[in-house]
Amino acid sequence: MFNDKLQQIREDLERSASYLQQVKSGLQSRHKINSSFQDIQLIEHKLHIGCGAVKLAGWINIDESPHPGVTDLHLDITQGLPYHDNSCSLIHHEHFLEHLSAEAGLNFLKECYRVLKLGGVMRIAMPSLDLIIEKYYLGNWKDQDWLKWPEYQFIQTRAEMLNISFRWWGHQWLYDQEELHRRLQEAGFTIIRDVEWGNSDIPELKNLETRKDSLLICETEK
């Protein structure tokens, strides 16, 4: 009888030890998962949106159309950005915003504000409506880089130039400085700096422009 009770106690202790070991392993696994999740959360992304055929090393190159060897993420940007709040340090896009409607453009800018960390910066480069109107008004409308390209030699009048600027290439909403600042402010940005082509106080934002007709450029900070 005594031996039977002793055996029962031994088996109970073994089961308890096994259970405690399982609990310990579970806690260790959970700690590893939480640590990994925290590591992921600490990663600060740099987004190159509407990248086209231009790949920026060290950035996440995003485009709606896949470009083999260039695009890291194939994404319809109007559906939102798949990133946590305050998870991005830098955002750059060139000749992209004008391809969205005014409403979609504002929603996109709000998404950029959401995912940027405090102190994060977005650089925007695009054609300047101010310059297009100035060229039209002054009569030197042919003095634009894109009008020197062979495929646009058919354009004969400034009215034709103006209509093409507004309607071609999927353009939906052109911006001048006032309109761009307005939309950025509506999205939540308050720190907005107009900058020159290729110039920036932030090393990673220098010399990013690839289009000579990117003449409306600004950096905005969250």
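Criteria and cut-off values
- Residues numbered from 1 in each chain as written.
- Predicted model: local features only at pLDDT ≥ 70, side-chain atom pairs only at ≥ 80, totals over all residues.
- Heavy atoms only, no water.
- Buried < 20%, exposed > 50% of the residue type's maximum accessible area, 1.4 Å probe, protein only.
- Helix = DSSP H or I, 4+ residues; strand = E, 2+ residues; numbered from the N terminus.
- Arc of directions from axis to C-beta.
- Contact = heavy atoms within 4.5 Å.
- Polar contact = N/O pair within 3.5 Å; in protein donor to acceptor, adjacent residues only side chain to side chain.
- Axes fitted to C-alpha atoms, helices over the stretch in contact; angles between N-to-C directions.
- Parallel < 35°, antiparallel > 145°, perpendicular 65-115°, else oblique.
- Left-handed = near helix turned anticlockwise from the far one by under 90°.
- Nonpolar A, V, L, I, M, F, W, Y, C, P; charged D, E, K, R; others polar.
- pLDDT = per-residue confidence, 0-100.
- Patch = residues over 30% accessible without salt bridge, like charges linked within 9 Å, V, L, I, M, F, W, Y side chains within 5 Å.
- Areas by Shrake-Rupley, 256 points an atom, 1.4 Å probe, with all protein chains shown as cover.
- Salt bridge = Lys/Arg side-chain N within 4 Å of Asp/Glu carboxyl O.
- Lys, Arg positive; Asp, Glu negative; His and termini not counted.
- Pairing = 2+ DSSP bridges.
- Core = buried A, V, L, I, M, F, W, Y, C linked by side-chain atoms within 4.5 Å.

A. Just helix 3 (residues 129-138), in detail. Looking at helix 3, one finds that the buried residues are Leu129, Ile132 and Lys135. Along helix 3, the residues classed as buried sweep out an arc of 130 degrees about the axis, all on the same side. Seen from the open side of helix 3, the exposed residues pointing more than 90 degrees away from its buried face are Tyr137 and Leu138. Packed against the buried residues of helix 3 are helix 4 (158-167). The N-cap of helix 3, judged by a side-chain oxygen 3.3 Å from the amide nitrogen of Asp130 a few residues on, is Ser128. Backbone geometry just downstream of helix 3 places Gly139 in the positive-phi region, at approximately 90 degrees.

B. Here's a closer look at the packing of helix 2 (residues 102-115) against helix 5 (residues 177-186). Running from N to C, helix 2 and helix 5 cross one another at 55 degrees; their axes reach a closest spacing of 8 Å. Comparing the axis directions of helix 2 and helix 5 gives the class oblique. The two elements helix 2 and helix 5 cross, and the hand of that crossing is right-handed. Each of Ala102, Leu106, Leu109 and Lys110 in helix 2 lies in contact with helix 5, whose residues at this interface are Arg183, Leu184 and Glu186. Taken together, the residues of the contact of helix 2 with helix 5 sort by class into four nonpolar, no polar and three charged.

C. Just the confidence of the model for the chain, in detail. With 81% of its residues at a pLDDT of at least 70, the chain reaches an overall mean of 86. Long-range and interchain partners of residues 26-41, a stretch whose pLDDT sits below 50, account for one contact in this model, where long-range means more than four residues apart.

D. Spatial organisation of a nonpolar patch on the surface. A contiguous nonpolar surface patch, about 300 Å² in accessible area, is contributed by Phe154, Trp168 and Trp169. Structurally, the position occupied by Phe154 is in the loop between helix 3 and helix 4.

E. Spotlight on the pattern of salt bridges. Tallying each qualifying case throughout the model produces 16 salt bridges. Of the charged contacts in the structure, one is a salt bridge between Arg182 and Glu179, with a shortest N-O distance of 3.0 Å. On the criterion of helical spacing, the pair formed by Arg182 and Glu179 is a turn pair, its members being three residues apart in helix 5. On the basis of relative accessibility, which here comes to 38%, the residue Arg182 falls in the partly exposed class. The salt bridge partner of Arg193 is Glu219, with a shortest N-O separation of 3.8 Å. Taken together, the positions of Arg193 in strand 6 (residues 191-194) and Glu219 in strand 7 (residues 216-221) put the pair 26 residues apart, joining distant regions of the chain. Taking the relative accessible area as the measure of exposure, Arg193 reaches 30% and is therefore partly exposed.

F. Seen up close, the side chain of Asp176. Structurally, Asp176 can be placed in the loop between helix 4 and helix 5. Buried charge without a partner: Asp176 forms no salt bridge, and the closest opposite charge is Arg182, 8.3 Å away. Setting aside residues up to four positions removed in sequence, Asp176 forms contacts with Leu129, Asp130 and Leu216.

G. Local environment of the sheet that holds strand 2 (residues 60-63). With mixed pairing, the seven strands of this open sheet are ordered in space as 3-2-1-4-5-7-6. On the outer flanks of this sheet lie strand 3 (73-74) and strand 6, each paired with one strand and no other. The pairing of strand 2 with strand 3 spans two bridges and is classified as parallel. For Asp63, the partnering residue across the bridge sits in strand 3 and is His74. Here helix 2 sits on the sheet in contact with strand 1 (45-49), strand 4 (88-94) and strand 5 (116-126), set at roughly 145 degrees to strand 5.

H. Region of the structure containing the environment of Arg211. As for its position among the elements, Arg211 is in the loop between strand 6 and strand 7. Arg211 sits 14 residues away from Trp197 along the chain, and the two C-alpha atoms are 9.3 Å apart. Each residue touching Arg211, except ones within four places of it in the same chain, is listed here: Glu94, His95, Trp149 and Trp197.

I. Representation of the nonpolar core. Ile49, Leu81, Phe108, Met122, Leu180 and Leu184 are the most contacted members of the largest nonpolar core, which totals 29 residues. Breaking this core down by element, the ones donating at least two residues are strand 1, strand 4, helix 2, strand 5, helix 5 and strand 7. Contacts of Met122, omitting those with residues within four sequence positions, involve Ile91, His93, Leu109, Cys112, Leu116, Leu184, Phe189, Cys218, Glu219 and Thr220.

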